[in-house]
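If you want the building blocks of each chain, they are given just below.
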Amino acid sequence: MALRGCLRAGRGLLRAAGPRGPPARGGCAGARPPTFGFLFDVDGVLVRGSQAVPAARQAFQRLADSSGRLRVPVVFLTNAGNCLRSAKAHELTQALGLQVSPEQPPPTTGFPTIEGVILFGEPVRWETSLQLITDVLLSNGNPGAELRDIPYPHLPVLACNMDLLWMAEAKMPRFGHGTFLLCLENIYKKVTGRELKYEALIGKPSTVTYRYAEYLIQQQAEKQGWKSPIRRLYAVGDNPMSDIYGANLYNNYLKSAHQNQVQAGVKRSPQAASPQTEDLELRKECNNSVESCESILVCTGVYRHNADVPSKTEECMTETVFHGHRDFCFDPSLVEASYIVQDVNDAVQLAFKKENWS
């Protein structure tokens, strides 16, 4: 139930792609159904600000058939949560030349009292937002009251985007929501002498975000009538600390889950448990068919490689400064991309080649 709640909470972070209609009958590769899917970051991979990355349209021309229908399942895995999904879908439709379908956004309701703080993305006026959030936390949800004893633990705080930097139309990276969180954390600690605590951190690079992305990929495949299970995911991004770290972290999770499943199958005797008990619980945790999540880093956004694209990723992935969130431990190996290519079109071609898909 805890995971299901987290997945439901992360619903607004992901946008499913592809037109609605009857199921596709297969791609050009001998009409065989796909056994892989794509997780695309948006800013720095497909667009920079309001401008499309030139390779993005070429990439999606490869991904669509002659009728404009996607040949493989695609999810847009973006941490940007500061606009409606319908607006982001319209923006991507214009940029990619392909119909992008948003999920129906949930209705909004008012709250009689402030019971928690949800942080989706960096605000326009930081000083105002920092003041208001601090007021809410110090007053236990009643910012109109006078300050008395500071409550601790404070109200629940949920953050949905940890990116320190992101890429727009400017030449230099822009401050992201992670920078705003850094300000809030330091202000709260300076005022109270205590650490700001998060109920949950959702969005890349958290594993729960990728689990939900996989769920959407599987949903797309089912709706299109593709019977073959999705075995591999290719996560394409421009930010080593967000996109690559998250994809590699999820790849480790998949390997661990598969290993646990195998070990459980070996240890379980035929008389030990019925399919309705232990086996059912195992499927709930390891019900995914996906075996791996390959990370592909592009050079059109936050990450820039000055020379030609290197043949060995470890040659250029040495992180000297940790740009991740305070609550994530830094593992240098997780920022090493499986592959580094110039742009998203090259990323799609690479995946197609590995999958023998034309």
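Model, not experiment: these values are computed from the prediction.

## What about the pattern of salt bridges?
- Per the counting criterion, the structure on display carries 9 salt bridges.
- With a shortest N-O distance of 3.2 Å, Arg326 and Glu195 are connected by a salt bridge. You can see Arg326 sitting in the loop between strand S12 (292–298) and strand S13 (339–341) and its partner Glu195 sitting in the loop between helix H5 (177–192) and strand S10 (200–201), a full 131 residues away along the chain.
- For Arg326, a relative accessible area of 35% puts it in the partly exposed group.
- The class for Glu195 is partly exposed, based on a relative accessible area of 31%.
- What emerges from the salt-bridge pattern is a single network uniting Lys189, Glu195, Arg326 and Asp327.

## Considerations on unusual backbone geometry
- Residue Pro153 is reached from Tyr152 by a cis peptide bond, and omega for that bond is 5 degrees.
- Tracing the backbone shows Pro153 in the loop between helix H4 (126–138) and strand S7 (157–159).
- Omega for the peptide link from Lys204 to Pro205 comes to 10 degrees, which places this bond in the cis form.
- Its location among the elements puts Pro205 in the loop between S10 and helix H6 (207–223).

Rules and cut-offs
- Residues numbered from 1 in each chain as written.
- Predicted model: local features only at pLDDT ≥ 70, side-chain atom pairs only at ≥ 80, totals over all residues.
- Heavy atoms only, no water.
- Salt bridge = Lys/Arg side-chain N within 4 Å of Asp/Glu carboxyl O.
- Helix = DSSP H or I, 4+ residues; strand = E, 2+ residues; numbered from the N terminus.
- Buried < 20%, exposed > 50% of the residue type's maximum accessible area, 1.4 Å probe, protein only.

Interpretation note: all reported values are geometric properties and have no functional meaning in isolation.
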